[in-house]
Amino acid sequence: MTKNKKILIIEDDLFVRELYENIFRKKGYDVVSAADGEEGLNKALTEKADIILLDIMLPVKSGIEVLKSLKKSSTPSQKTPVFLLTNLGQESIIKEAFRLGAVGYLLKVKLLPHQIVSEVENFFKGETNREFYLKKLM
Amino acid sequence: MILENRPDEIPRLKRYESFFEAVTWAVITSAYALSWLMPDEAVNLFLINSIVLVATASAIVFYRILPFEKRTGSFIFTFRLKAFIIGILNIIMISVFILGTGGIKSPFWYLYLLSPLSAALYFPSWAIATLTTWAVILYLITIFYISPYLGIPYFTTDFPVSIFTMVTAVFFVVILAYSQAKELTIESERNIKLVNEVTGERNKLSTVLESVADGVFALDYKRRVVFINKSMEDLLGAAEKDLIGKEADLVFKFYNGDRRVNATEFCPLKKVANDTVVYEGSSLKFLNRSKKEIFLNLASTAPSKGPLIDVGCIVVIHNVSKERELEAMKLDFVSIAAHELRTPITSARGYLSILEQELKNKLKPEERNFLERAQISTDQLSSLVENLLDVSRIEKGAIKLDITKIQIEELIEKIVDNYKEAASQKGIALGYIRNKIKMPPVAIDKFRISEVLSNLISNAVTYTSKGRVEVRTSVQKGFVVTSVKDTGEGIPAEAIPNLFTKFFRVSGLLEQGSKGTGLGLYISKAIVDLHSGKIWVESELGRGSTFYFRVPIHQSKNYL
């Protein structure tokens, strides 16, 4: 059996965070989570996750700042793929996120938990959704 | 004018006016008569002199009553001209008077000085010089030619007579001086009144204009500032004295979006028969003195009498920043509220979906129904929030189309597929009936038009209980028209005009447990309008409705 993929969920809303923790755990992922930007960045740098789900409106440090710091860091985590998983749908933010190196942008409200899981799985299968979400979310 | 600065003197002088007028003429006549009673031979000349004197005096009185600035034909009878004529008549009268009272030996010859003296009060130097010359010439003529020729005797210098004549002369000079001063008073008073009236009127008007809350300014025919009111000064943060005479383009910097609106545009210097609005701009951008961006509506009028007063245009400016702010706040409130609502909705929908997956087979039918209803409700809540966000974006003008060349058939096929299941569950046939000819590619934003299609098809499926929903496409003068035809209830004719407005729902349909938010068609219309397309509906009660929308065919030059 292949080693479980490790996912880091950075999300401040307790219910939403536990919702995603729950569904990913059930799908066999190792789940690590953080409730604010600062904590999220620390875990991103130390946990060696395979993928990071990152919210934008976060306490202490915003998701965009976390993404910036992560991509600037010299640790191997710099290359960890980041999906933004947020409820902010402004075009400018989405563009900024992709410019900073995010690989996906998911709008929480438009997707049910299992759809988010499929998006992540599709990513690991090599299907990129970047173009679609860029347009769909505007 | 000497009395212009002493308006307080006027009432006092006025009180004695009639009295002095009467006394003046009484004294003139009696002094003259008296001078003729002294010598013996002059009785024959008395009549002629009297006639000359009375005629001159009447002329003076006539000219005094004549209002100044009287127009007779093209001739303007000005105050100056009038005063000049009175001055000359005075000199003639005095000449006759001196002549009658002894020529060179007359004690009254000082009166000659009176005319130049009084003229000095209110005439320019040329007039004083003329009157003085006249007086001197007349005086010389009187002594050297007329008096000897007429054989007028010199006055005897008997003591009582001398005293009498000297006293009369002094009195006469005083009276005449007063008379001139009175003339002056009347005119100055009239002038002061006029000046007050004019300035009062001007003050009233400029106070009104000054105090108008809107900015007002006027430009001349060289587009220079000739008037500017307080509000406009405040907007610019500069004082009137620094602005008057400046070129408009250096002072007013309005922008329509990013495009500068120059004075040539808002003040085109048109010649007009009636006052005409020559430019109207709404929500023009303008940087105020603290470099803050404000928005204003501008209306520029060309006055028909502009050329007479050298005013090319009058511009009124209304600050609409507040309104825009409120509007923006309203929209922001909606979008913030919608964003805040997204998190709990995400959570509720997420948990419900997990619950459903885990309990699917363990629930009693009734319980499954409850869960389903909870899911439907949260989905409804979710689409309401999303629609509200869409509306706020539309109204903010934040929606930007990403136009590409699209084959609309494929798009329709996809969307129709999405609703096949829902339709078959209701027992409705749903299908896309392709046109025999292939549709030309259209220039659209794929995702936005998908929204429109989804909306129309989902409405058709929702509001049709039996029969079919058919989607068709056709070509029409540069457009591809897509129609969604249903066999539902139909829409009452009176509801059709409101169908595409916000939160409108056809009454009666609500009771059927419809899921609409009342925003779908509004959003669809906004999207189609953004494509320079058109959306409309044809409906017959009881037989069904057909919704149409058209989008432009992709042109090769259409490289958007």
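To start, this report covers the structure provided alongside it.

What counts, and where the lines are drawn
Residues numbered from 1 in each chain as written. Chains lettered and ligands numbered in written order. Predicted model: local features only at pLDDT ≥ 70, side-chain atom pairs only at ≥ 80, totals over all residues. Heavy atoms only, no water. Helix = DSSP H or I, 4+ residues; strand = E, 2+ residues; numbered from the N terminus. Contact = heavy atoms within 4.5 Å. Pairing = 2+ DSSP bridges. Axes fitted to C-alpha atoms, helices over the stretch in contact; angles between N-to-C directions. Phe/Tyr/Trp six-rings, centres within 6.5 Å; stacked < 30°, edge-to-face > 60°. Buried < 20%, exposed > 50% of the residue type's maximum accessible area, 1.4 Å probe, protein only. Lys NZ or Arg CZ within 6 Å of the ring centre and 35° of its normal. Buried area = accessible area lost by both parts, 1.4 Å probe. Salt bridge = Lys/Arg side-chain N within 4 Å of Asp/Glu carboxyl O. Polar contact = N/O pair within 3.5 Å; in protein donor to acceptor, adjacent residues only side chain to side chain.

**Overview of the side chain of B:Ser454**
Its location among the elements puts B:Ser454 in helix H16 (residues 446-462). In this structure, B:Ser454 is in contact with B:Ile415 and B:Tyr419, ignoring residues within four places of it in sequence.

**Brief notes about unusual backbone geometry**
Residue and element names in this part refer to chain B. The phi angle at Arg 223 is positive, at roughly 55°, despite the residue not being glycine. Looking at where Arg 223 falls in the secondary structure, it is placed in the loop between strand E3 (215-219) and strand E4 (225-228). A positive phi angle, close to 50°, is found at Ser 283, a residue other than glycine. Relative to the elements of secondary structure, Ser 283 occurs in strand E7 (residues 276-287).

**Concerning the sheet that holds strand E15 (residues 534-540) of chain B**
Residue and element names in this part refer to chain B. Pairing in this open sheet of 5 strands is mixed, and the strands run E11-E13-E14-E16-E15 from one edge to the other. Among the strands making up the open sheet, the edge pair consists of strand E11 (429-433) and E15. In this sheet, adjacent strand axes meet at a mean angle of 15° when their direction is disregarded. The sheet contact formed by E15 and strand E16 (residues 544-552) spans 7 bridges and is antiparallel. Counted as the bridge partner of Lys 534 is Arg 550 from E16.

**Observations concerning the packing of aromatic side chains**
All names here are of chain B. Inspection of every chain in the model, using the stated rule, returns 11 aromatic pairs over all chains. Measuring from centroid to centroid gives 6.1 Å for Phe 252 and Phe 254, while their planes differ by 10°, and the two rings are stacked. For Phe 254, a relative accessible area of 0% translates into the label buried. Aromatic side chains Phe 254 and Phe 266 sit 5.5 Å apart centroid to centroid with 75° between the ring planes, which places their arrangement in the edge-to-face category. Of this pair, Phe 254 sits in strand E5 (residues 254-256) while Phe 266 sits in helix H11 (residues 263-266); the two residues are 12 residues apart in sequence, bridging distant segments of the chain. Owing to a relative accessible area of 0%, Phe 266 belongs among the buried residues under this scheme. Among the aromatic residues, those joined into a cluster by ring pairs are Phe 217, Phe 252, Phe 254, Phe 266 and Phe 286. Over the aromatic face of Trp 536 sits the side chain of Lys 534, whose NZ or CZ is 5.1 Å from the ring centroid.

**Details of the interface of chain A and chain B**
Accessible area lost upon the coming together of the parts is a frequently used measure of interface size. Across the boundary between the two partners, chain A contributes 25 residues, which contact 19 residues of chain B. At the boundary of chain A with chain B, total buried surface from both sides reaches about 2000 Å², with 59% on carbon and sulfur atoms. Linking chain A with chain B are 2 salt bridges. Taking the shortest distance from any N to any O, the salt bridge between B:Glu386 and A:Lys110 comes out at 3.9 Å. Between chain A and chain B we count 7 residue pairs in polar contact (both at pLDDT 80 or more) in total. In terms of residue count, the dominant contributor to the side of chain A that touches chain B is helix H1 (residues 14-26) of chain A (8 residues).

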